[in-house]
Amino acid sequence: MGTANQARHHVIIGSGVAGNQAAETLRRRDPDSRVTMITLSKLPFFNRYDLPRVFHGERDWRKLIVFAPEYYLDHGIGLRRATRVTGVDGARRTLALAHNETVHFDTLLVASGASPYIPAELAEYRPLMHGFASFQDAVAAADALPPGGHAVLMGGDTTGLDLGRTLLATGYRVSVVADQHLLWPHEVTAALRPRYFDALRGMGFTVIDAEPRGQMSAVRAAGAGRPARTLVFNDGSEIGADIVMPFFGIAPAIDYMLGSGADIERGLLVQPDLRTTNEAIYAAGDVCQIWSDADKRYRFYHGWKNVRAMGELAALNVTGAGLPWVPSQDESLQLCADGRLHSPFWEYA
Ligand SMILES: Cc1cc2nc3c(=O)[nH]c(=O)nc-3n(C[C@H](O)[C@H](O)[C@H](O)COP(=O)(O)OP(=O)(O)OC[C@H]3O[C@@H](n4cnc5c(N)ncnc54)[C@H](O)[C@@H]3O)c2cc1C
């Protein structure tokens, strides 16, 4: 890049797949700039798709990290861990951190991903559910499962079923409580639902349809003679388990972008070049909805390949490439000849 760019400060919010791919590309394309990555995470970047390894007994987080801390030093990428962004001022080009620091940026890439979505009627029971978003979550869930224990996966989205396959392979009992989030983000028609239930049963899952039970209504903690967790349905029926885990899809992590000047629908809205309505702010990964001319709407693109490609594209465009988004992920759910289900969202690397 030319001298005009020398003092440019590229800030990236998020150190997931999208943020790290963007940092690598920015460093390469704009070697004289400052690149700062800010993340809530206490650990350096680890591959979330590798988290199921915790259930194979892996307890050393260093075995899951993709880049050691030296990588960031060697590449001149400032990594600020355990740091929360609380607000963005798009006009002033500043962002606010939770500890009252203000950071100036020339370009901002929002790659803050998403959090597990929990339906409003179940939100108060969140403390009784085991999450699966971080290494610490995964260890807590694995520690709460006795050998051969029973895990209940509420909702049954693709991330949950991916974990479920590992749990089955490691000797646990796994029940999927299917609601409208079954296999999300794939669309499951009513006609195909029974076939998918059969396929999941063939894979070893116990499948419980939440609909005839009036949907899930509560989670209860252990009581006298009761299992560690009980999932209760609106018709009064119950299932006991060692752990219950929410897999109802995800909600973009964008609270701090309200008032930033960038448009928001469910995610941060971007044009095909991944630029938001503020010319200095781009977005990539699970946090954004990209304008699709074919569909005439803003839409999410999920999956590891797409997320990484978005990080790459955003960095290319921040540094002047002017390229449009082209999806790089097959999105079709497959019912294989052996009766098993395969989601392309389960593929990575
Ligand atoms: C165990 C597991 C298995 C998965 N399996 C699949 C799968 O099989 N198929 C599939 O399609 N997807 C799967 N996913 C989802 C996949 O991980 C995501 O699509 C991908 O991680 C999104 O990458 P990202 O870079 O957009 O965001 P993330 O990886 O979510 O990274 C977000 C980053 O933003 C940071 N952040 C958020 N808010 C703030 C803030 N206010 N201030 C500072 N930093 C912030 C976070 O700390 C984090 O570093 C899985 C996820 C998990 C957890």
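This text goes with the structure placed above it.
Residues numbered from 1 in each chain as written. Predicted model: local features only at pLDDT ≥ 70, side-chain atom pairs only at ≥ 80, totals over all residues.

> What is the right way to look at helix α3 (residues 135-144) in this model?
Within an α-helix, residues lying three or four positions from one another point in the same direction, as the helix has 3.6 residues per turn. Buried within α3 we find Phe135, Ala138, Ala141 and Ala142. The buried side chains of α3 occupy one side of the element, clustering within an arc of 130° when seen end-on. (Buried ≥ 20, exposed ≤ 12 C-beta atoms within 10 Å, placed from the backbone. Helix = DSSP H or I, 4+ residues; strand = E, 2+ residues; numbered from the N terminus. Arc of directions from axis to C-beta.)

> Even after reading the chapter, I still don't get helix α6 (residues 304-318), so can you show me in this structure?
With 15 residues, α6 should reach 21 Å at 1.5 Å per residue; the first-to-last C-alpha distance of 21 Å fits that figure. With respect to burial, α6 is a largely interior element, eleven of its 15 residues being buried. Residues of α6 that are buried in the fold lie against β1 (9-13), α1 (17-29), β7 (107-110) and β18 (281-283). One or two steps after α6, the chain reaches Gly320, where phi turns positive at roughly 95°. (Expected span 1.5 Å × (residues − 1). Contact = placed C-beta atoms within 7 Å.)

> How should the site of the ligand be read in this particular structure?
Close to the ligand lie 35 residues; Gly14, Gly16, Gly113, Gly285 and Phe345 are nearest. For the shell around the ligand, the secondary structure elements donating two or more residues are α1 and α4 (158-169). Here the residues of the shell around the ligand sort into 18 nonpolar, 13 polar and four charged. Split by domain, the residues of the shell around the ligand number at least three in each of domain 1 (3-113 + 253-318) and domain 2 (117-249). (Near = placed C-beta within 6 Å. Nonpolar A, V, L, I, M, F, W, Y, C, P; charged D, E, K, R; others polar. Domains from an automatic or database assignment.)

> Quick question: what am I supposed to make of the nonpolar core here?
The tendency in soluble globular proteins is for nonpolar side chains to be buried as a group. Counting 47 residues, the largest nonpolar core has Ala22, Leu109, Val110, Leu274, Ala283, Ala284 and Ala314 as its most contacted members. For this core, the leading source of residues is α6, giving seven residues. Excluding residues within four positions of it along the chain, Val110 makes contact with Ile13, Met257, Leu268, Ile281, Ala283 and Val287. Among the nonpolar cores identified, the runner-up in size contains 45 residues, and Leu64, Phe135, Ala178 and Ile243 belong to it. (Core = buried A, V, L, I, M, F, W, Y, C linked by C-beta atoms within 7 Å.)

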